[in-house]
Amino acid sequence: MQKRLAALSEKRRGGQKSIACFPLYPPVELFHSMGLVPAVLWGLDARNDEVAVADRHVQNYVCSVGRKLAGFLVSRGPELFDAFFFYNACDTLRNLPEIVTAGVTGRGKCMPAFRLHIPQASLSPEKSAAYLAQAIEDLVNKLSRELAVSFSPDSFARSIGLYGKARGLCGMLEEKCRQGLLPFSRFADAVMAGYGTDVEAHLVLLEDLLAEKSLRSVSEGAPGVFLTGVLPPPAAVSDAMEEAGLRVAGNDLAALYRSYAYTPALEAPNPAAFYGDLYENHFPCTTLLQTADRRLDALVSRIRETGSRAVVFVGEKFCEYEYFELPLLSEKLKGQGIPLLFLELALEDTVNFAAIRNRIFAFAEMIGSAGV
């Protein structure tokens, strides 16, 4: 990710403004339409110096997403970005903006912060929809005022089209994975690349990968497994699944499927209507509380649609939102006769995956011997 962000630094020197976005689902179309390059800070590397900075500002038992984000923005944010954006995604992320601002200011730097509060109740009631509409209008006005950019309905519609096309290509590449014609690690890398580059460059990357000659990455008839969690596993872990004879048939990962599953199709869209639709009808996510009641049923339905025989929960250590759901998910899958493998990954897990690899091979053997 850091290498891709370096390219944004080059664009910034050429006059292109960029905005660092906290995960999970920021309004990237809006930022792009206003002439900004949004970088959603998923998949940051764990640089030792930045982790040390993070641990001076946040507890070392918060998830690696939060720790990496804090260390990266305090250490390098002002050099790479003109501003940063956040919304109320989870307890860790919603408390970081003030910490990051204080850390940046303590270094004698300045990086404007922009905020959006997404209602955690359904957006169907008129009051919730009106609140979000006003919040988005305020965001547009503040961006225009502080970053000297402007909003255009035509540009917004064009940006929606570009990001919608990128999401569609991600879905097509996922289908190649389901068929065993593309290694999951390559697919995940291609999707994650979009978070650290502009959408135009990401479209080229996705189209090139889709055009590549398909090569079977797993044997025909390999059992399909479904990945759920926040981030895709490291390549060594997903490659181990395929080496064990498993095929990643689908996913519900927040950084992957939940992010590209849905784009509103509205005539003459405006930001209030577009994001009201997006957040209300988003594929259910543990961080979007208004979708929580339908999440488990939607998840099981998707597992069935992809033909998956088992589920692998890729746990981001200390991610309370996902872990709170795990007992309910486990019970739900047990009732459906779907085996579950729980893998936990921490910030320090960057090289030695031997224990995880052994568990994956044992799980694959269990699925095969049980005829699941």
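This text goes with the structure placed above it.
Residues numbered from 1 in each chain as written. Predicted model: local features only at pLDDT ≥ 70, side-chain atom pairs only at ≥ 80, totals over all residues. Heavy atoms only, no water.

Visitor: I'd like to hear about the sheet that holds strand 5 (residues 224–229), residue by residue, with values.
Guide: Reading across the sheet, the 4 strands line up as 6-5-7-8 and stay open at both edges, with parallel pairing between neighbours. Pairing within the sheet leaves two strands with one partner each, and these edge strands are strand 6 (247–253) and strand 8 (340–345). When strand polarity is set aside, the average angle formed by the axes of neighbouring strands in this sheet is 20°. (Pairing = 2+ DSSP bridges. Helix = DSSP H or I, 4+ residues; strand = E, 2+ residues; numbered from the N terminus. Axes fitted to C-alpha atoms, helices over the stretch in contact; angles between N-to-C directions.)

Visitor: Now, about the pattern of salt bridges: what can you tell me, with residues and values included?
Guide: All told, the structure shown has 18 salt bridges when counted by the stated rule. Ionic pairing is found between Glu50 and Arg76, a salt bridge with its closest N-O pair at 3.9 Å. Of this pair, Glu50 sits in helix 3 (residues 48–54) while Arg76 is found in helix 4 (residues 64–80), placing the two residues 26 residues apart along the sequence. Of the two residues, Glu50 and Arg76, both sit in the buried class. Salt-bridge contacts for Glu212 lead to Arg186; the nearest nitrogen and oxygen are separated by 2.9 Å. One end of the pair, Glu212, is in the loop between helix 10 (199–211) and strand 5; the other, Arg186, is in helix 9 (residues 184–193), with 26 residues separating them in the sequence. For Arg186, a relative accessible area of 39% gives the class partly exposed. Connected through salt bridges with shared partners, the residues Asp252, Arg258, Arg295, Glu322 and Glu325 form a single ionic network. (Salt bridge = Lys/Arg side-chain N within 4 Å of Asp/Glu carboxyl O. Buried < 20%, exposed > 50% of the residue type's maximum accessible area, 1.4 Å probe, protein only.)

Visitor: Please give an account of the side chain of Glu174 that cites residues and values.
Guide: By the secondary structure assignment, Glu174 is in helix 8 (residues 153–178). Residues contacting Glu174, with those up to four places away along its chain left out, are Phe187, Gly250, Asn251, Tyr257, Tyr260 and Arg302. (Contact = heavy atoms within 4.5 Å.)

Visitor: Requested: an account of the sheet that holds strand 4 (residues 113–116), with residues and values cited.
Guide: Strand order in the open sheet made by the 4 strands is 2-1-3-4, with parallel pairing throughout. Pairing within the sheet leaves two strands with one partner each, and these edge strands are strand 2 (36–40) and strand 4. Adjacent strand axes in the sheet meet at a mean angle of 25°, parallel and antiparallel pairs treated alike. The pairing of strand 1 (residues 17–21) with strand 2 spans 5 bridges and is parallel. From the neighbouring strand, Ala20 faces strand 2, where its bridge partner is Ala39. Against the sheet, helix 6 (residues 96–106) touches strand 3 (83–87) and strand 4, its axis set at about 160° to strand 3. In the packing of helix 7 (residues 126–147) onto the sheet, contacts are made with strand 1, strand 2, strand 3 and strand 4, and the angle to strand 4 comes to roughly 170°.

Visitor: Go over the pairing of strand 4, please, and point to the residues and values.
Guide: Within a regular beta strand, the side chains point alternately toward one face of the sheet and then the other, so they alternate between its two faces. Of the two faces of strand 4, only one is covered, namely that formed by Phe114 and Leu116; the face formed by Ala113 and Arg115 stays uncovered. Of the strand pairs in this sheet, strand 3 and strand 4 are connected by 4 bridges, and their pairing is parallel. Counterpart to Tyr87 in the pairing with strand 4 is Leu116.

Visitor: If you had to explain empty space enclosed by the protein to someone new, which residues and values would you point to?
Guide: Throughout the structure, instances matching the rule amount to 3 cavities of 30 Å³ or more. Of the volumes computed, that of the largest cavity is approximately 370 Å³. Considering the residues around the largest cavity, the lining is formed by 26 residues, among which Val28, Tyr163, Arg167, Tyr195 and Ser259 are closest to the centre. Sorting the residues of the lining of the largest cavity by element identifies helix 2 (28–33), strand 2, helix 8, helix 10 and helix 12 (257–260) as the ones contributing at least two each. Among the elements that make up the lining of the largest cavity, the one with the highest residue count is helix 8 (4 residues). Across the lining of the largest cavity, the residue classes tally to 17 nonpolar, 5 polar and 4 charged. By volume, the second largest cavity is sized at about 200 Å³. Lining the second largest cavity are 19 residues; nearest its centre among them are Cys63, Cys90, Val230, Thr287 and Cys319. (1 Å grid on protein atoms, 1.4 Å probe; cavity = no way out; pocket = protein on both sides within 12 Å on 5 of 7 lines; lining within 4 Å. Points joined across faces, edges and corners; volume = space filled by probe spheres on them. Nonpolar A, V, L, I, M, F, W, Y, C, P; charged D, E, K, R; others polar.)

Visitor: Summarise the packing of helix 9 against helix 10; cite the residues concerned and give the values.
Guide: Relative orientation of the contacting elements helix 9 and helix 10 amounts to 160°, with a least axis distance of 9 Å. On the basis of the axis angle, helix 9 is roughly antiparallel to helix 10. Classified by chirality, the crossing of helix 10 by helix 9 is left-handed. Residues Arg186, Ala190, Val191 and Ala193 of helix 9 pack against His202, Leu205, Leu206 and Leu209 of helix 10. In the contact of helix 9 with helix 10, the residues fall into 6 nonpolar, 1 polar and 1 charged. (Parallel < 35°, antiparallel > 145°, perpendicular 65-115°, else oblique. Left-handed = near helix turned anticlockwise from the far one by under 90°.)

Visitor: An account of the environment of Val199 is needed here, citing residue identities and associated values.
Guide: Residue placement: Val199 occurs in helix 10. Residues Val199 and Asn141 lie 58 residues apart in sequence; the distance between their C-alpha atoms is 24 Å. Excluding anything up to four places from it in sequence, Val199 contacts His32, Leu162, Tyr163 and Ala166.

Visitor: Let's hear about helix 15 (residues 320–336): which residues, and what values?
Guide: Compared with an ideal rise of 1.5 Å per residue, which puts 17 residues at 24 Å, helix 15 spans 25 Å between its outermost C-alpha atoms and is within 8% of the ideal. Along its length, helix 15 shows its largest kink, about 35°, at Leu326, and proline Pro327 lies within four residues downstream of that point. Taken residue by residue, helix 15 has Tyr321, Glu322, Glu325, Leu326, Leu329 and Leu333 as its buried positions. Looking at the buried positions of helix 15, the neighbouring elements they touch are helix 5 (91–94), strand 5, helix 12, helix 14 (295–305), strand 7 (310–316) and strand 8. (Expected span 1.5 Å × (residues − 1). Bend = angle between axes of the 7 residues up to and from the residue.)

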